[in-house]
Amino acid sequence: MDEITTSNHPHAEPREGGTSAGSGENLHVVRSGPPGAPTVVLLHGLAGSTAWWDPVLPALRDLHVVRVDLLGHGRSARPPGGYGIAEHARRVGAVLDRLGVRRATLVGHSTGGMVATSLAEQRRDLVKAIVLIGTGPRADAYIGDSLISRLLPVSWVGRLIWGLRNDNTIRGALGTAFTREVAIPDQIVTDVRDMPYHSVIATSQASDAFLAERPVPDRLAGLGLPVLVIFGSRDRRWQPSSAQDYRRVPQARIEILDEVGHTPMFEDPGTTAALIHGFAATASH
């Protein structure tokens, strides 16, 4: 498994055995599996990191897996701006270019699915297929979070709340990401704790703007790509019934996981990994 810090500067030199990706910020990238195998790119959701994919990695070990910490998340850089969904997507595309990946299946969880969709809009040639996991199709399908989550975008209140959070409050806030009882790894809590306020708010607002501009199914409908949609029947962040919106996408396949919430990778990793693997293998032929 290779951990790489990529610099998005066009003239950057590789650092510590890594590679460079093409606009000024460092991204943390983790690669595993045979480089010559079909490439699967795993993109986490809001306030996530590469650690959110750990439960499905064993079942994907025969694929070339590329995990990326989006800007402002995990171990990537945290500049004051640059958090638009299209900007996130362009950086992922630049990473794949520098890694020599010419075609890939993109897998995005929640907001990561919006980034994957945006990359497919920008770089249709680069994308074989898309897997969306718990990605809300439209803005009004959002169920909502706690009072604290609703207060976070309110500048001074949000900054105060964000500054006072601790491991227990973070675990509590993560509760709506799960329905089944799961052990939330310490690394996930650490990644949320270390994330700066401006990064989480800017990315959240960018995802709202992305959906307001055009629903995800409408964006995908004209791309002609195979699409797999995985949704939990008990998702507590997006209306589970909204997954049916993806039927507007000609090549979409929808899988609803019973008694699973917003994070199938942790709540049912076996089924989730099998779906990703089977879909990526089919897309590679």
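Bear in mind that the values here come from a model prediction, so they are computed numbers and not experimental data.

Caption draft 1: Here's a closer look at the overall build of the protein. For the protein, the count of helices and strands is ten helices and eight strands. When burial is assessed residue by residue, the protein has 55% of its 285 residues classed as buried. With the model as given, the accessible surface of the protein reaches about 11900 Å², and the carbon-plus-sulfur share is 51%.

Caption draft 2: Expanded view of the side chain of T135. Note on placement: T135 falls in the loop between β6 (127–133) and α3 (147–151). Setting aside its immediate chain neighbours within four residues, T135 contacts G108, H109, S110, G113, M114, V216, F231 and Y246.

Caption draft 3: Spatial organisation of the pairing of strand β2 (residues 26–32). Across the seven residues that make up β2, a large majority, five, are buried. Pairing analysis gives five bridges linking β2 to strand β4 (residues 64–69), with the strands arranged antiparallel. Residue pairing across strands places S32 opposite V65, the latter belonging to β4.

Caption draft 4: Layout of the nonpolar core. Ranked by size, the top nonpolar core spans 44 residues in total, and within it I130 and L220 carry the most contacts. With near-sequence residues (within four places) excluded, I130 lies in contact with L106, A116, T117, A120, L220, L225, P226, V227, L228 and F279.

Caption draft 5: Inspection of the layout of surface pockets at higher detail. Approximately 160 Å³ is the volume found for the second largest pocket. As for the second largest pocket, its lining consists of 14 residues, and the residues nearest its centre are H28, T50, A51, R75 and Q187. Each residue belonging to the lining of the second largest pocket can be placed in one class, and the counts come to three nonpolar, five polar and six charged.

Caption draft 6: Molecular detail of the packing of aromatic side chains. Within this structure, the stated rule accounts for four aromatic pairs. Pairing W52 with F266 gives two aromatic rings, centres 6.2 Å apart and planes at 85 degrees, and the pair type is edge-to-face. Of the two residues, W52 sits in the loop between β3 (39–43) and β4 while F266 sits in helix α9 (residues 264–267), which places them 214 residues apart along the sequence. Across this residue pair, the class does not change: W52 and F266 are buried. Residues F178 and F266 carry aromatic rings whose centres are separated by 6.2 Å and whose planes lie at 90 degrees to one another, so their mutual orientation is edge-to-face. Taken as a pair, F178 in the loop between α5 (167–173) and α6 (186–194) and F266 in helix α9 lie far apart in primary sequence, 88 residues in all. Residue F178 shares its accessibility class with F266, and that shared class is buried. An aromatic cluster of three or more residues is present, and its members are W52, F178 and F266. Sitting above the plane of the F210 ring, R219 keeps its charged end 3.6 Å from the centroid.

Each value, and the rule that gives it
- Throughout, a residue's number is its position along its own chain's written sequence, starting from 1.
- Local features in a predicted model are, by the rule used here, given only for residues with pLDDT of at least 70; side-chain atom pairs are given and counted only at 80 or more, and totals for whole chains, interfaces and linings are based on all residues.
- Hydrogens and water molecules were not included; the side-chain quantities draw on all heavy atoms of the structure.
- Each helix corresponds to a stretch of at least 4 residues labelled H or I by DSSP, and each strand to a stretch of at least 2 residues labelled E; elements are numbered beginning at the N terminus.
- Residue exposure (1.4 Å probe, protein chains only): buried if accessible area is under 20% of the type maximum, exposed if over 50%, otherwise partly exposed.
- Residue-level accessible areas treat just the shown protein chains as cover; the underlying method is Shrake-Rupley with a 1.4 Å probe.
- Note on contacts: a residue pair is in contact if any heavy atoms of the two residues lie within 4.5 Å.
- A pair of strands is labelled paired if DSSP reports no fewer than 2 bridges between them.
- As used here, the term nonpolar core means buried Ala, Val, Leu, Ile, Met, Phe, Trp, Tyr and Cys residues forming a set that is joined through side-chain atoms within 4.5 Å.
- Note on definitions: the grid is 1 Å and covers protein atoms alone; a cavity is a set of points where a 1.4 Å probe fits but cannot get out; a pocket is an open set with protein on both sides within 12 Å along at least five of seven lines; lining residues have an atom within 4 Å of a point.
- Grid points are joined across faces, edges and corners, and a volume is the space filled by probe spheres set on the points.
- Classification used: nonpolar for Ala, Val, Leu, Ile, Met, Phe, Trp, Tyr, Cys and Pro, charged for Asp, Glu, Lys and Arg, polar for all others including Gly.
- For Phe, Tyr and Trp, rings pair up if their centres lie within 6.5 Å, where Trp contributes its six-membered ring, and each pair is then called stacked (planes under 30 degrees apart), edge-to-face (over 60) or tilted (otherwise).
- Think of it as a cone above the ring: NZ of Lys or CZ of Arg counts as a charge over the ring if it is within 6 Å of the ring centre and within 35 degrees of the ring normal.

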